[in-house]
Amino acid sequence: MKKLIVAMVVVCFAVAAAIAAGPAKIDLKTWVAGEPSKAAVQFPHDVHQAKNECTDCHVKADGGPLKNLKAGGEVNFKGAIKVKATKNDAHDNFCWECHVAKKVPQGKSCNKCHAK
């Protein structure tokens, strides 16, 4: 009986950890107002989680709102990015800011994130 209870507790913690991890990929098309001119970014959340702390991008450790990495505070890009803009708030205040700071190879290359 003890082994069963211990196993159930372990499973509960594993499930809680998996839920807290968030989705493996996030379709950033929801950030765009209209139909994007380039392929929408399929953000590899799981890859970023493996290399960074949640608070590198999010205001709180449990996820939720994103940080404006350049200006500070909270930011919500959903539906805010204009179509056919080669430079926008997400690039300037979030993605590129981090990629430059962390010296990501080709961190500002369009095709690195906007894969066809």
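Residues numbered from 1 in each chain as written. Predicted model: local features only at pLDDT ≥ 70, side-chain atom pairs only at ≥ 80, totals over all residues. Heavy atoms only, no water.

A. Representation of the environment of Leu-28 in the model. By the secondary structure assignment, Leu-28 is in the loop between strand S1 (26-27) and strand S2 (32-33). Spatially, the C-alpha atom of Leu-28 lies 6.7 Å from that of Phe-43, the residues being 15 residues apart in sequence. What Leu-28 contacts, discounting residues up to four positions off in sequence, is Val-41 and Phe-43. (Helix = DSSP H or I, 4+ residues; strand = E, 2+ residues; numbered from the N terminus. Contact = heavy atoms within 4.5 Å.)

B. Spatial organisation of the confidence of the model for the chain. In the predicted model, the chain carries a mean pLDDT of 83, and 82% of its residues have values of at least 70. Considering each helix and strand of the chain separately, the mean pLDDT is smallest for helix H1 (residues 2-20), with a value of 51, and largest for helix H2 (residues 45-51), with 95. Across residues 10-19, confidence stays below pLDDT 50; counting only partners more than four residues off in sequence or on other chains, it has 0 contacts. (pLDDT = per-residue confidence, 0-100.)

C. Representation of the packing of aromatic side chains within the structure. Counting across every chain of the model gives 3 aromatic pairs. Between Trp-31 and Phe-77, the ring centres sit 4.9 Å apart and the planes meet at 35 degrees, which makes this aromatic pair tilted. Placement of the pair is Trp-31 in the loop between S1 and S2 and Phe-77 in the loop between strand S6 (74-75) and strand S7 (81-82), with a sequence separation of 46 residues. Owing to a relative accessible area of 10%, Trp-31 belongs among the buried residues under this scheme. We classify Phe-77 as buried; its relative accessible area is 3%. Pairing Trp-31 with Phe-94 gives two aromatic rings, centres 6.3 Å apart and planes at 65 degrees, and the pair type is edge-to-face. Linking Trp-31 in the loop between S1 and S2 with Phe-94 in helix H3 (residues 89-101), this pair joins segments that are 63 residues apart in sequence. The buried category is assigned to Phe-94, whose relative accessible area is 9%. (Phe/Tyr/Trp six-rings, centres within 6.5 Å; stacked < 30°, edge-to-face > 60°. Buried < 20%, exposed > 50% of the residue type's maximum accessible area, 1.4 Å probe, protein only.)

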